[in-house]
Amino acid sequence: DGVTFSLLSTFLDCREKARLYLNGWTPQSSSMALTFGSIVHKIDEWVRDDIRSGTLKEVPSTDHINSLISNVESVWHKDNPRHGPRELEHLELSLLLVEGVLPQYFKYWYKDFSELKWELVEGMFKIPMSLQDREENKYKTFIRGKIDGSFRLKKGGPWLFETKTKSRIDEEILSDILPYDMQANIYLSALKRLG
């Protein structure tokens, strides 16, 4: 059903790992970083949806954020029914971090959330592609993904919004590597094709 950035990066990391992934094998546990990132993305999506729909007209209160944290915890338990103690530890630590970080995050970025004209929030894309191998065999597939968000300013085309939950962000390094970042370039190409 198509190729994702995750599949491409797995293939570049290790062909055997990509083969196992394509055959349905998955790791027994997820990392702390992945758990934290997934929780932040889900709550971020809910808040942006509420702002876009007009349900939320001010910076989300601590009570509102705590309610979303409770909801995301319930979703996590439904999505991970066979979790082990390590995954539960990752969840609990992630929820504590989110409880401390997100109120300040939404306070700081609220103006962007409320004033930008959001077009996509966790927007899915699936774009057809034609490929040819070295033996000139032709293949058709899709490149697909999920964009954190896109918005449009008064003039010009769409802008890509990507949330990164790394422990350390170095803006100078990010700006140096951005032209070579495969995920950002795939998503920018998708935005361009979507209009």
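The structure we're discussing is the one just above.
What you see is a predicted model; the values in this text were computed from it and never measured. Position numbers for residues count from 1 along each chain, tracking the sequence in the order it is written. Since the coordinates come from a predicted model, pLDDT governs what is reported: local features require at least 70, and pairs of side-chain atoms require 80 or more to be given and counted, while whole-chain, interface and lining totals use all residues. Values reported for side chains reflect all heavy atoms of the structure, with hydrogen atoms and water molecules removed beforehand.

Visitor: Sorry if this is basic, but what is going on with the packing of aromatic side chains here?
Guide: Two aromatic rings, taken as a pair, are described by how far apart their centres are and by the angle between their planes. Each aromatic pair joins two rings of Phe, Tyr and Trp (for Trp, the six-membered one) with centres within 6.5 Å, and gets the label stacked for planes under 30 degrees apart, edge-to-face for over 60, and tilted for any other angle. Inspection of every chain in the model, using the stated rule, returns four aromatic pairs. On the basis of an interplanar angle of 70° and a centroid distance of 5.2 Å, the ring pair of Tyr105 and Phe106 is categorised as edge-to-face. Accessibility classification places Tyr105 together with Phe106 in one group, the buried group. For the ring pair Tyr108 and Trp109, a centre distance of 4.9 Å and an interplane angle of 80° mean the geometry is edge-to-face. Charges are assigned to positions over rings by a cutoff of 6 Å between ring centre and Lys NZ or Arg CZ, combined with an angular limit of 35 degrees from the ring normal. The positively charged end of Lys126 is found above the aromatic ring belonging to Phe142, 4.6 Å away from the centroid. A simple rule labels every residue: compare its accessible area, found with a 1.4 Å probe on the protein chains alone, to the largest value its type can have, and call it buried under 20%, exposed over 50%, or partly exposed in between.

Visitor: What's the story with the pairing of strand E2 (residues 138–152) in this structure? I'm lost.
Guide: The side chains of a regular strand alternate between both faces of the sheet. With 14 bridges joining them, strand E1 (residues 117–132) and E2 adopt antiparallel strand pairing. Directly across from Met124, in E2, lies its bridge partner Lys146. Hairpin connection between E1 and E2: a loop of five residues separates the two successive antiparallel strands, and Glu136 in this loop has a positive phi of roughly 65°. Alignment of E2 against strand E3 (residues 158–161), held across four bridges, turns out to be antiparallel. Residue pairing for E3: Arg152 is matched across the bridge by Pro158. By the convention used here, strands pair only if DSSP detects at least 2 bridges between them. Segments assigned H or I by DSSP are reported as helices when at least four residues long, segments assigned E as strands when at least two residues long, and all are numbered from the N terminus. Here E2 hands over to E3 after five residues, with Gly156 in that stretch at a positive phi of 100°.

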